[in-house]
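A look at the structure
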Amino acid sequence: MKTWQETDDVKARWRQMGGTSLHGTLAEFAAFVAAEGEKWGRVIRQEGLQMDLS
């Protein structure tokens with residue numbers, strides 16, 4: 001999978017979609033998800049944002 005993600009075609013498609021291909025271990029992914037949750041949770045709490053359920 002990593003080799004496929006590093007092909008020029010796949011990298012170009014990720015750029016076209018505004019993203020980037022990331023790869024690593026399951027532990028690295030878990031750490032990334034936890035860090036993102038903490039980062040964006042802090043922004044949500046600081047700004048007092050709430051979900052509109054209507």
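For clarity, every value in this text was computed on a predicted model and none was experimentally measured.

On a plain count of helices and strands, the chain comes out with three helices and zero strands. In the chain, the order of α-helices and β-strands from amino to carboxyl end is α-α-α. Relative to the 2.2 N^0.38 estimate, which gives 10 Å for 54 residues, the radius of gyration of the chain is 16 Å and therefore markedly larger than a compact globule would have. When the 54 residues of the chain are sorted by exposure, 7% land in the buried category. Summed over its atoms, the accessible surface of the chain is roughly 5,100 Å², and 59% of this surface lies on carbon and sulfur atoms. Positive and negative charge centroids in the chain, built from 7 and 8 side chains respectively, lie 3 Å apart.

Taken as a whole, this structure holds three salt bridges when the rule is applied. Its salt-bridge partner being Lys39, residue Glu36 comes within 3.0 Å of it at the nearest N-O pair. Here Glu36 pairs with Lys39, and both are found in helix 3 (residues 26-47), just three residues apart, close to one helical turn. On the basis of relative accessibility, which here comes to 34%, the residue Lys39 falls in the partly exposed class. A salt bridge links Glu38 to Arg45; the shortest N-O distance between them is 3.8 Å.

Let's shift gears to the environment of Gly41. Along the chain, Gly41 falls in helix 3. The class of Gly41 is buried, set by a relative accessible area of 12%. Sequence spacing of Gly41 and His23 is 18 residues, and the spatial spacing of their C-alpha atoms is 24 Å.

A low pLDDT score tells you not to read the predicted coordinates there in detail. Looking at the chain, the pLDDT average stands at 91 and 100% of residues meet or exceed 70. When pLDDT is averaged over each element of the chain, helix 3 comes out on top at 95 and helix 1 (residues 2-5) at the bottom at 84.

Cut-offs and rules
- Residues numbered from 1 in each chain as written.
- Predicted model: local features only at pLDDT ≥ 70, side-chain atom pairs only at ≥ 80, totals over all residues.
- Heavy atoms only, no water.
- Helix = DSSP H or I, 4+ residues; strand = E, 2+ residues; numbered from the N terminus.
- Rg over C-alpha atoms; globule rule 2.2 N^0.38 Å.
- Buried < 20%, exposed > 50% of the residue type's maximum accessible area, 1.4 Å probe, protein only.
- Areas by Shrake-Rupley, 256 points an atom, 1.4 Å probe, with all protein chains shown as cover.
- Lys, Arg positive; Asp, Glu negative; His and termini not counted.
- Charge placed at Lys NZ, Arg CZ, Asp CG, Glu CD.
- Salt bridge = Lys/Arg side-chain N within 4 Å of Asp/Glu carboxyl O.
- pLDDT = per-residue confidence, 0-100.

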